[in-house]
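# Examining the three-dimensional arrangement
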There are 2 protein chains.
Amino acid sequence: MTDADYDDLMPNAMKYHMSAEAFREHGYAMIDWIAKYMQAVETYPVMSSVKPGDVRANLPAQPPQHGEPFEQMLRDVDEIIMPGITHWQSPNFFGFFPANVSGPSILGDLLASGLGVQGMLWATSPACTELETHVLDWLVDMLDLPERFKSTTAGGGVIQDTASSSTLCALLAARERATSFDVNEHGADRKLIAYCSNQAHSSVEKAVKIAGLGRANLRLIEVDESFAMRPQALAEAIARDAAAGLTPCFVCATVGTTSSNGLDPVRAIGEVCKRNNIYLHVDAAMSGTAALCPEFRYIHDGLELADSYCFNPHKWMFTNFDCDCFYVADRAALIKTLSVQPEYLKNKASESGGGESGGVFDYRDWHIPLGRRFRALKLWFVIRHYGIEGLQSHIREHVKLSQEFASWVEADDRFELVVQPPLTLVCFRLSRGSDEMNQQLLDDLNRSGKLFLTHTKLDDKLTLRFSIGATYTERRHVEQAWALIQQTASA
Amino acid sequence: MTDADYDDLMPNAMKYHMSAEAFREHGYAMIDWIAKYMQAVETYPVMSSVKPGDVRANLPAQPPQHGEPFEQMLRDVDEIIMPGITHWQSPNFFGFFPANVSGPSILGDLLASGLGVQGMLWATSPACTELETHVLDWLVDMLDLPERFKSTTAGGGVIQDTASSSTLCALLAARERATSFDVNEHGADRKLIAYCSNQAHSSVEKAVKIAGLGRANLRLIEVDESFAMRPQALAEAIARDAAAGLTPCFVCATVGTTSSNGLDPVRAIGEVCKRNNIYLHVDAAMSGTAALCPEFRYIHDGLELADSYCFNPHKWMFTNFDCDCFYVADRAALIKTLSVQPEYLKNKASESGGGESGGVFDYRDWHIPLGRRFRALKLWFVIRHYGIEGLQSHIREHVKLSQEFASWVEADDRFELVVQPPLTLVCFRLSRGSDEMNQQLLDDLNRSGKLFLTHTKLDDKLTLRFSIGATYTERRHVEQAWALIQQTASA
């Protein structure tokens, strides 16, 4: 059929839809807009300087009664939205952790939008489930993760929205394992204890609240001078709780903490967990991607002792948010924790195996939401576009730049490196500066619009975080950033 | 800068990225692909007929070492992925509930991919937060929802991934309200009871498991002949539990159940909740969109008694998955339930008001995940493209077609209408047919590839569900479907 044929078929009521022809025209314009943005983004002030309410003040109070032309919407994007954007894709973005995107990922995601399939069950679009399982198995090989996380064993991987959700799902599976699924059935009774280092991500505390353990039952274990969990301290805390009649059930180890990229020793922690029959989840949200390169795989040493693991291609692997890869060694336990079986979702394919023994996977039972988008497409496109070689090349470049940046910090005696950066996060501060002076430096830098970085506290002192990993960050951006930091510190 | 200038700037390591020029070329190709898909989708067999493992069998066992050309990826989409797609966007898709998409939504989502901002905090891209708040306020007006759900009161709206997550967040807020935030702090102690009708969505049971209440503490309240919750039965169940020393804390009313589109009487249920000081959440995931039209707003009668509410533009409002709009009357309680405050996320804008009293909203405290995509763009594009008028027109058309379909069922004495459809879901079966015969009819229809519908059980009998709402469904598709159903029933 031609466009004209199709338009002929449209009765009046269909005329409000965007025709295929108009979609093509506006689609090209949107692609052009993004291509231009990719090229121009480094020239924008990185941090938005709007004040609270500024964006809303430019939006009409009432929604439109009648449809508006697409061109007007694009103009409003430029005039109203863009001033309120902090540019995560700027090569001068060194804040938080990256949320990098890439051409192939944007296009894979576009395809997912166009197909509009809902992958809650294998049967609701088999390719959506099978491509996801397949690509997550690929990643086990690409990162050299333990075989037990592959779908061909009792384990398997699934795409979650974020590491926060993975941590929650892991905690839920741990809670049920420790109580023989009694909490699922009858509710919690205040005896379950969870553990992470005092540097672990806030999502562990959030999960402990959500799952009904209560944050008084989360133990924050002390860390060593590299901000990594002390396994001995963990073992002691577990022993104390067990002696008090409590039930230790869950440990979250972090491979690359948010504050300082601290690397918890997974093997030693895993051995403590094994001895005490405690579920171990490993959160490598940012740093896991490093394992694409054999020289960085030491960060995962001992991972075969973990019950679950996650890392985020949406941080450092050029894959658009949201894309967190969550792996479990015992998928049946996860599915049992999260599964409910209403009549209206029953189907022959699901009943042939229940996801547990040779049948199909119904991914709705692997996470909190029921519905799900075809997110594997963008990940598949990224892996195929870059190849292992291309991904490795960029990861190595980011690590190299970070290490060089750290060496510049070390060579300037106005600054101190707070900790040796293992990968791409450099923590530093004015060596003789108060918290106020460091805050001032940070604010001045960010206000310049020429770069963006964020802070944390380490050893109770305000510390600047310089995190490399945006898609288009090159040597020149890091050099410019360092020059500006030196210059601003002088002033 | 021109593309060539930019390419000149790229050192070797950047060469693995897709250049802006290549992105433009492949982007156009992807837009063309989707435009063609929009036009051709009605000619495809709706339900995929692949067998488990078929898709994976066509994918290489090993990930590629070297990058591959984009053209090859698109070819593989056609040859490997497409046979495994069940076409949710086909105008002949009448299964489950729709997950409809539209041109403006796809392009708004594409823009979100291109910008790649992460909206966890107001400060991380003010426009991402403010546009979301603004558009959700618009929708309060568009659906004539209670003012207390507006951000200009003590309430406000947020985009969640799915209604499942909204139900969970509502339950968590209810749990904390009933225990003065004691579960958050110290953990649950098996006394909290939740209620929904025996027709409510499975996500309520899932939430009750996740939140640690235990499914033995979920009461499934009986329904009347229209499959709507009986408020009297709810009141009795609450009284029974309270008398037994348990703590009733949460009621989920459903406006448009998944099985049969049953409409729980929100006002009567709300009054029971008020009398007993119980949190009321209203789940209108599918049917809420009907309230765009004044004549259907009766479905929300009594909604001002609810503590929270959600509906899914990603079902029936032409907005790509994921987009569930979740509203609360008391945002401070939700934020307190879900908030954690690590140093590395602190910033001046957040501290000026904490989201609770005139300061900015940090949406990470309104849901489970920390990170978030700029989902408001697609919703904004949809509302502006269609205008209220265009949206109303399509909603009315879908309801009209459904009512006509129901009248055809009624007029054919081989079939019975199981319940009068209030909106767009028609439940019917062979009037003198066993469950096996109805299942056979369903299987034959779906195997034809000419349409897709699903089933449920009502009054313990297998029932076919005919759900209208795909973007491109027109009268002719409904007529063809009915002709095929009649013909298949004859055979």
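Criteria and thresholds
Residues numbered from 1 in each chain as written. Chains lettered and ligands numbered in written order. Predicted model: local features only at pLDDT ≥ 70, side-chain atom pairs only at ≥ 80, totals over all residues. Heavy atoms only, no water. Helix = DSSP H or I, 4+ residues; strand = E, 2+ residues; numbered from the N terminus. Rg over C-alpha atoms; globule rule 2.2 N^0.38 Å. Buried < 20%, exposed > 50% of the residue type's maximum accessible area, 1.4 Å probe, protein only. Areas by Shrake-Rupley, 256 points an atom, 1.4 Å probe, with all protein chains shown as cover. Pairing = 2+ DSSP bridges. Axes fitted to C-alpha atoms, helices over the stretch in contact; angles between N-to-C directions. Parallel < 35°, antiparallel > 145°, perpendicular 65-115°, else oblique. Left-handed = near helix turned anticlockwise from the far one by under 90°. Contact = heavy atoms within 4.5 Å. Nonpolar A, V, L, I, M, F, W, Y, C, P; charged D, E, K, R; others polar. Polar contact = N/O pair within 3.5 Å; in protein donor to acceptor, adjacent residues only side chain to side chain. Least-squares fit on C-alpha atoms with pLDDT ≥ 70 in both. Salt bridge = Lys/Arg side-chain N within 4 Å of Asp/Glu carboxyl O. Buried area = accessible area lost by both parts, 1.4 Å probe. Phe/Tyr/Trp six-rings, centres within 6.5 Å; stacked < 30°, edge-to-face > 60°. Expected span 1.5 Å × (residues − 1). Core = buried A, V, L, I, M, F, W, Y, C linked by side-chain atoms within 4.5 Å.

## What about the overall build of chain A?
Scanning chain A for helices and strands turns up 17 helices and 11 strands. For a compact globule of 491 residues, the expected C-alpha radius of gyration is about 23 Å, and chain A comes in at 24 Å, within 12% of that figure. Taken along the three principal axes of its C-alpha coordinates, chain A extends 75 × 70 × 45 Å. Looking at chain A as a whole, 69% of its 491 residues are labelled buried. Here chain A displays about 15,000 Å² of accessible surface, and carbon together with sulfur accounts for 50% of that area.

## Digging into the pairing of strand β9 (residues 425–430) of chain A
Residues and elements named next belong to chain A. Among the 6 residues in β9, 6 count as buried, and that is most of the element. The pairing of strand β8 (residues 415–417) with β9 spans 3 bridges and is classified as antiparallel. Looking at β9, one finds that E416 is bridged to R429. Sheet topology places β9 next to strand β11 (residues 461–467); 4 bridges connect them, and they run antiparallel. Following the sheet pairing, L425 is matched in β11 by S467.

## Here we look at the packing of helix α15 (residues 376–411) of chain B against helix α17 (residues 475–490) of chain B
Residue and element names in this part refer to chain B. Their axes nearest at 10 Å, the elements α15 and α17 cross at an angle of 20 degrees. The orientation of α15 relative to α17 falls into the category roughly parallel. The crossing of α15 and α17 is right-handed. Note on element contacts: α17 touches α15 through R475, V478, E479, W482 and I485, opposite K400, L401, E404, F405, W408 and V409. Its residues placed into classes, the contact of α15 with α17 shows 7 nonpolar, no polar and 4 charged.

## Concerning the side chain of Q392 of chain A
Residues and elements named next belong to chain A. Position of Q392 relative to the elements: it lies in helix α15 (residues 376–411). Accessibility expressed as a relative area gives 13% for Q392, which makes it buried. Engagement of the side chain of Q392 in a polar contact is seen with the backbone oxygen of L292, the distance being 2.8 Å.

## Digging into the relation of the copies chain A and chain B
The two copies are related by a screw motion: chain A maps onto chain B through a turn of 180 degrees and a shift of 0.0 Å along the axis, at an RMSD of 0.0 Å. Here the two chains are linked by the operation of a two-fold rotation axis. For chain A, the residue whose C-alpha comes nearest the rotation axis is D189 of chain A, separated from it by 2.2 Å. Here 100% of the contact residues of chain A are again contact residues in chain B; the copies associate through an equivalent surface.

## Regarding the pattern of salt bridges
Residue and element names in this part refer to chain A. Under the counting rule described, the total for this entry stands at 59 salt bridges over all chains. The partner of R476 in a salt bridge is E42, and the shortest N-O contact between them spans 2.9 Å. Of this pair, R476 sits in helix α17 (residues 475–490) while E42 sits in the loop between α2 (20–40) and α3 (54–57), and the two are 434 residues apart along the sequence. Owing to a relative accessible area of 17%, E42 belongs among the buried residues under this scheme.

## Concerning the sheet that holds strand β11 (residues 461–467) of chain B
Working definition: the strands of a sheet are paired by backbone hydrogen bonds and lie parallel or antiparallel to each other. Residue and element names in this part refer to chain B. Spatial ordering of the open sheet is given by β8-β9-β11-β10, a layout of 4 strands whose pairing is antiparallel. With partners counted over all chains shown, the strands left at the sheet margins are β8 (415–417) and β10 (454–458), one partner each. Ignoring which end each strand starts from, the neighbouring axes of this sheet average 40 degrees apart.

## What about the interface of chain A and chain B?
On the chain B side, the residues contacting the 172 residues of chain A number 172 residues. Interface area, chain A with chain B, both sides summed: about 15,600 Å², of which 61% is carbon and sulfur. For the interface between chain A and chain B, the tally reads 13 salt bridges. Salt-bridge contacts for R215 of chain A lead to E185 of chain B; the nearest nitrogen and oxygen are separated by 2.7 Å.

## Let's talk about unusual backbone geometry
For residues that are not glycine, phi is negative in most cases, and the peptide bond is trans in most cases. All names here are of chain A. Going from F321 to D322, the amide bond is cis rather than trans, its omega being 0 degrees. Even without being a glycine, N277 presents a positive backbone phi close to 55 degrees. Tracing the chain through its elements places N277 in the loop between α11 (266–276) and β5 (279–283). By relative accessible area, N277 is classed as exposed at 61%.

## Comments concerning the packing of aromatic side chains
Residue and element names in this part refer to chain A. A full pass over the atoms with the stated rule returns 49 aromatic pairs over all chains. On the basis of an interplanar angle of 25 degrees and a centroid distance of 5.2 Å, the ring pair of F318 and Y386 is categorised as stacked. Of this pair, F318 sits in the loop between α12 (313–316) and β7 (324–328) while Y386 sits in helix α15, placing them 68 residues apart in sequence. Ring geometry for F415 and F428: centres 5.8 Å apart, planes at 65 degrees, overall edge-to-face. In this pair, F415 is assigned in strand β8 and F428 in strand β9, connecting sequence segments 13 residues apart. Residue classification places F415 among the buried positions, given a relative accessible area of 5%.

## Some details on the sheet that holds β8 of chain A
Residue and element names in this part refer to chain A. Reading across the sheet, the 4 strands line up as β8-β9-β11-β10 and stay open at both edges, with antiparallel pairing between neighbours. One side of each edge strand has no neighbouring strand; the edge strands of this open sheet are β8 and β10 (454–458). With direction set aside, neighbouring strand axes in the sheet form an average angle of 40 degrees.

## Describing helix α10 (residues 231–243) of chain A
All names here are of chain A. Between its first and last C-alpha atoms α10 spans 18 Å; for 13 residues at 1.5 Å apiece the expected length is 18 Å, and the two agree. All of the buried residues in α10 are A233, L234, A235, A237, I238 and D241. For α10, the elements touching its buried residues are β2 (192–197), β3 (218–221), β4 (247–254) and α11. Just beyond α10, the residue with positive phi is G245, at close to 85 degrees.

## Focus on the nonpolar core
In terms of nonpolar packing, the biggest core is built from 240 residues, with L139 and F374 of chain A together with L139 and F374 of chain B touching the most fellow members. Every residue in contact with F374 of chain B, bar those within four places of it in the chain, is listed here: I81 and I85 of chain A together with A112, L115, V117, A127, C128 and L131 of chain B. Within the second largest apolar cluster, 74 residues are counted, among which are A170, L171, A173 and F361 of chain A.

None of this, on its own, says anything about what the molecule does.
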